Amino acid sequence: RLLLVDEFQDTDALQVELVKALCGDVADGKLFFVGDMNQSIYRFRGAQPDVFLELRSQIPEPGQLPLTRNFRSQPAVLHFVNALFVHALGPDYKPLRPHRPQMTAEPAIEFLWTLTPHKRQAGGKNDAREQEARRIARRLRELMESEAPIIADAQADAGKRALKLGDVAILFRALSDVALYESALRAYGLDYYLVGGHAFYAQQEIFDVLNLLRAVASPADEISLAGVLRSPFFSLDDETLF
């Protein structure tokens, strides 16, 4: 009778046809969908954010509700985000409104500029990465040792506390040079955990595929056969295999 679709910005025209086949006229109030075209990340599989905008335009005006209240970030962070993206995304950008009060001192955003004038010369890129990695690690060590209350935490006294390593995340566009940053973190005595990394062939899914291929290539390889039979390919439990 009613249909809810989340993350609608990652749909394509065919999926919209399927939704309309289930709901009929979207103006009748049977369809509730949520999306943000600025978050569309599935272009590689044919998702078209414009499809979301087109379908949204078919919803009566009272049913088009912006979700702009942010429950996660402090106001100073959101002010920075709004100032940055209103120019990048134009007049259609909907400014985010903070729900939480500002608990920690401002500014909430800090840029770490690493001057590397020779980075375009031979070997300069690697040197620039090393300098940047050391700069980040050094700043994290400074923040840890200062014990300044820069983290908002409802469970802490006065609603804020000092930085812990578990509060920190370093995001990379690619993991090509991640070893340089790992080395810098170790040099400054900062424990870390690498999510993803280059251990692709150590993933269980890869072992399952290899076991399947080995079992096909050699019927006598009973270990690989047992491995693939208990994998999601066949989902047999150990008792059944026994």
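Before going into details, it helps to say that this report is about the structure given with it. (Residues numbered from 1 in each chain as written. Predicted model: local features only at pLDDT ≥ 70, side-chain atom pairs only at ≥ 80, totals over all residues. Heavy atoms only, no water.)

### As for the nonpolar core
Short version of the rule: To form a nonpolar core, buried Ala, Val, Leu, Ile, Met, Phe, Trp, Tyr and Cys residues must be joined to one another through side-chain atoms within 4.5 Å. Accessible area is worked out with a 1.4 Å probe on protein chains only. A residue is then buried under 20% of its type maximum, exposed over 50%, and partly exposed in between. Note on conventions: DSSP H or I runs of at least 4 residues are helices, E runs of at least 2 residues are strands, and numbering of each starts at the N terminus. Residue contacts are defined here by distance: any two heavy atoms, one from each residue, within 4.5 Å place the two residues in contact.
Residues V5, F8, V16, V19, C23, V26, L31, F33, V51, F52, L55 and I59 constitute the largest nonpolar core, which totals twelve residues. For this core, the elements supplying multiple residues, two or more each, are α1 (13-23), β2 (31-33) and α2 (49-57). In this view, I59 contacts V26, F33 and Q64; residues no more than four positions away in its chain are not counted. By size, the runner-up hydrophobic cluster in this structure holds nine residues, among which are A133, I136, L140 and Y181.

### Comments concerning the packing of aromatic side chains
Rules: Stacked, edge-to-face and tilted are the three classes for Phe, Tyr and Trp ring pairs, Trp counted by its six-membered ring, which pair at centre distances within 6.5 Å; planes under 30 degrees apart are stacked, over 60 edge-to-face, the rest tilted.
Per the stated rule, a full pass over the model turns up six aromatic pairs. Between F8 and F33 the ring centres are 4.7 Å apart and the planes differ by 45 degrees, which places this aromatic pair in the tilted class. Taken as a pair, F8 in the loop between β1 (3-5) and α1 and F33 in strand β2 lie far apart in primary sequence, 25 residues in all. Comparing F8 with F33 shows no difference in burial state: the two are buried.

### Section: the side chain of D208
Applicable threshold: In summary, the charge assignment counts Lys and Arg as positive and Asp and Glu as negative, without counting His or the chain termini. We define a salt bridge as a side-chain nitrogen of Lys or Arg found within 4 Å of a carboxyl oxygen belonging to Asp or Glu.
Structurally, the position occupied by D208 is in helix α6 (residues 204-217). Here D208 occupies a buried position and makes no salt bridge, while the nearest side chain of opposite charge, R230, is found at 7.4 Å. Residues in contact with D208, not counting those within four places in the same chain, are V228, S231, P232 and F233.

### As for helix α3 (residues 75-89)
How we decide: By this rule the span expected of a helix is its residue count minus one, scaled by 1.5 Å. By arc we mean the arc of the directions from the helix axis to the C-beta atoms, nothing more.
With 15 residues, α3 should reach 21 Å at 1.5 Å per residue; the first-to-last C-alpha distance of 20 Å fits that figure. Listing the buried residues of α3 in full gives P75, A76, L78 and N82. Down the axis of α3, the smallest arc covering the buried residues is 160 degrees, so these residues share one side. In α3, the exposed positions angled more than 90 degrees off the buried face are occupied by H87 and A88. Contacts from the buried residues of α3 go to β3 (69-70) and β4 (97-98). In the stretch just after α3, G90 is the one whose phi turns positive, near 85 degrees.

### What about a nonpolar patch on the surface?
To be explicit about the condition: Each patch is built from residues lacking any salt bridge and having more than 30% relative accessible area; the joining distance is 9 Å for like charges and 5 Å for nonpolar side chains (Val, Leu, Ile, Met, Phe, Trp, Tyr). Accessible surface area values rest on a Shrake-Rupley calculation with a 1.4 Å probe, where residue burial reflects the displayed protein chains alone.
On the surface, a cluster of nonpolar side chains totalling about 660 Å² of accessible area is made up of F207, V209, L210, L213, F233, F234, L236 and L241. By residue number, the principal contributor to the nonpolar patch is α6, which donates four residues. Relative to the assigned elements, L236 resides in the loop between α7 (222-229) and α8 (238-241).

### As for the pattern of salt bridges
Inspection of every chain in the model, using the stated rule, returns eight salt bridges. With its nearest N and O atoms 3.3 Å apart, the salt bridge here joins D177 to R129. Pair noted here: D177 is in the loop between β6 (160-162) and α5 (178-187) and R129 is in helix α4 (residues 124-146), with a separation of 48 residues, a long-range link. Between E142 and R139 there is a salt bridge, and its shortest N-O distance comes to 3.2 Å. Of this pair, E142 and R139 both sit in helix α4, three residues apart, which is roughly one turn of the helix. We classify E142 as partly exposed; its relative accessible area is 38%.

### Here we look at unusual backbone geometry
Excluding glycine, residues mostly carry a negative phi; peptide bonds, for their part, are mostly trans. In this chain, E106 is followed by P107 through a cis amide linkage whose omega measures 5 degrees. Within the secondary structure, P107 is located in the loop between β4 and α4. A positive phi is found at E7, a non-glycine position, where the angle reads about 55 degrees. Along the chain, E7 turns up in the loop between β1 and α1. When its relative accessible area of 43% is taken as the criterion, E7 is described as partly exposed. With a phi angle near 60 degrees, S235 is a residue other than glycine that sits in the positive phi range. Note on S235: relative accessible area 55%, which makes it exposed.

### Regarding α4
In a regular helix each residue adds 1.5 Å, so 23 residues correspond to 33 Å; α4 covers 33 Å between its end C-alpha atoms and thus fits that length. Every buried residue of α4 is listed here: G124, A128, A133, I136, A137, L140 and L143. Of the surrounding elements, those touching the buried residues of α4 are β5 (149-152) and α5. The positive-phi residue at the C-terminal boundary of α4 is E147, with phi of around 55 degrees.

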